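# Breakdown of the fold
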Amino acid sequence: MLKASTQALNLWFEKLVPSMFMSMVCIKLLYESNSLLWIPFPFCQKLFHISKQGMQLVLCSLLLGFPAGTCFLDEELTKTSISKQAKERLLYICMMPTSGFVIVTLGTLFFHSLSIGFLLYIIQICAVFTLLFITRQHSIQSISSYDQSSTSFMSILTKAIKDTGITLFMIGGYILCFRVLTQIFLPYTPFFVQYIGAIFLEFSSGCAYIHEFILSTMQKLYLTTALLSFGGFCIHMQIFSMIQHHQLSYLKFLYYRIGHIILSIFYLFLCSLLGFIS
């Protein structure tokens, strides 16, 4: 148990926090200060039936990654008057890891290639926007944004750091719990269950497990892509425990995660055919 706790804390403090903290603070700072209003988001209304204000929510949630992005949407969507189906569309679909984890942690630390990190991240973005295109019948029109011009920069910065710290603390706590429980219970399960459980219970440690397997780089990429799209049961628990304003169906949630996996694997296969992966 002590060894599992040490491994979980090392993964959280040495890899996740350095790659995620500053990016999360900057994203929250940009949104809270209304600095994203200048982005035009061309053609999004026609392609995805999402307004400019709605695309700001999509962009922030994707950059924040799960579970922080989902919690951000849960809070911000309570301030809108869009339909329940439109809100659920964003909550079920706009889920992916942070750019810092995928590009920095996976790309440079695990695969020793920044280009692979960027490719994995772009694949996740393409899968999300494909799902948004498929579900465009639930349109998201204008969303009123609240005025924060009277709020000081230091107040916004303090709130961004505080919210990021709480989110990362929660993520670290769940990783620790799942790593310890995995070490305790998985040895008593069948051999194949041990491998599947070690990978899909928690996606960040699962990526570390995949990297330790004796597999080709392409096989590791396929497994990593599937895991990034699925998120891991630890992430699922975080999302459903931290959402306070909306009710989500877990079966429907899994349905979208499976769709996300299929699309991501397809895009990775397409990239390999086109020679983007050597």
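Residues numbered from 1 in each chain as written. Predicted model: local features only at pLDDT ≥ 70, side-chain atom pairs only at ≥ 80, totals over all residues. Heavy atoms only, no water.

Along the backbone of the protein chain there are 13 helices and zero strands. With respect to the three principal axes, the spread of C-alpha positions in the protein chain is 55 × 40 × 35 Å. If you take every contact in the protein chain between residues at least 6 apart in sequence, the share linking residues at least 24 apart comes to 77%. Only carbon and sulfur atoms are counted for the fraction: they give 70% of the accessible area of the protein chain, which is about 13600 Å². Measuring between centres, the 16 positive side-chain charges of the protein chain sit 8 Å from its 10 negative side-chain charges. (Helix = DSSP H or I, 4+ residues; strand = E, 2+ residues; numbered from the N terminus. Contact = heavy atoms within 4.5 Å. Areas by Shrake-Rupley, 256 points an atom, 1.4 Å probe, with all protein chains shown as cover. Lys, Arg positive; Asp, Glu negative; His and termini not counted. Charge placed at Lys NZ, Arg CZ, Asp CG, Glu CD.)

Moving on to the layout of surface pockets. A probe as big as a water molecule, rolled over the atoms, marks out the empty space that is left. Considered as a void within the structure, the largest pocket measures approximately 460 Å³ in volume. In terms of lining, the largest pocket is formed by 18 residues, of which the most central are K28, C71, E75, D163 and T167. For the lining of the largest pocket, the secondary-structure elements that each account for two or more residues are α1 (2-32), α4 (68-76) and α8 (153-185). Grouping the constituent residues of the lining of the largest pocket by class yields eight nonpolar, three polar and seven charged. Empty space within the second largest pocket amounts to approximately 250 Å³. T182, Q183, L186, P187, F191, Q194, Y195, A198, Y209, E212 and F213 are the residues that line the second largest pocket. Elements with a minimum of two residues in the lining of the second largest pocket: α8, α9 (191-200) and α10 (203-212). The dominant element in the lining of the second largest pocket, judged by the number of residues it contributes, is α9, at four residues. (1 Å grid on protein atoms, 1.4 Å probe; cavity = no way out; pocket = protein on both sides within 12 Å on 5 of 7 lines; lining within 4 Å. Points joined across faces, edges and corners; volume = space filled by probe spheres on them. Nonpolar A, V, L, I, M, F, W, Y, C, P; charged D, E, K, R; others polar.)

This paragraph deals with empty space enclosed by the protein. Counted according to the given criterion, the structure contains three cavities of 30 Å³ or more. When its volume is computed, the second largest cavity comes out at roughly 50 Å³. Contributing to the lining of the second largest cavity are L16, M20, F66, P67, F101, I171, I175, E202, F203, S204 and I235. Across the lining of the second largest cavity, the residue classes tally to nine nonpolar, one polar and one charged.

All of the buried residues in α9 are G197, A198 and I199. Those residues of α9 that are buried lie in contact with α10 and α11 (217-230). (Buried < 20%, exposed > 50% of the residue type's maximum accessible area, 1.4 Å probe, protein only.)

Ranked by internal contacts, the top residues of the largest apolar core, which has 72 residues, are V58, L73, L90, F101 and L132. Tallying contributions element by element places helix α7 (residues 114-134) first for this core, with nine residues. Apart from the residues within four sequence positions on either side, L90 is in contact with V58, L73, L77, L132 and I140. (Core = buried A, V, L, I, M, F, W, Y, C linked by side-chain atoms within 4.5 Å.)

To continue, consider the environment of T105. Within the secondary structure layout, T105 lies in helix α6 (residues 99-110). A residue is classified by how much of its surface remains accessible, and T105, at 0% relative accessible area, is buried. Note: C-alpha distance between T105 and P18 (87 residues apart in sequence) is 9.2 Å.

Further remarks concern the pattern of salt bridges. Overall, the coordinates contain three salt bridges when judged by the stated rule. In this structure, the salt-bridge partner of K159 is D163, at a minimum N-O distance of 3.0 Å. Here K159 and its partner D163 are both found in helix α8, four residues apart, which amounts to about one turn of the helix. On the basis of relative accessible area, D163 is assigned to the partly exposed category, the value being 24%. (Salt bridge = Lys/Arg side-chain N within 4 Å of Asp/Glu carboxyl O.)

So, on to a nonpolar patch on the surface. Taken together, the side chains of F266, F269, L270, L273, L274 and F276 present a nonpolar region at the surface, about 650 Å² in accessible area. Relative to the assigned elements, F266 resides in helix α13 (residues 250-273). A residue is classified by how much of its surface remains accessible, and F266, at 46% relative accessible area, is partly exposed. (Patch = residues over 30% accessible without salt bridge, like charges linked within 9 Å, V, L, I, M, F, W, Y side chains within 5 Å.)

In this section: unusual backbone geometry. Here the bond from F66 into P67 is cis, since omega is 0°, no more than 30 degrees from zero. Mapped onto the secondary structure, P67 falls in the loop between α3 (52-64) and α4. Its identity is not glycine, yet F41 carries a phi of approximately 50°, on the positive side. Mapped onto the elements of the fold, F41 is located in the loop between α1 and α2 (44-48).

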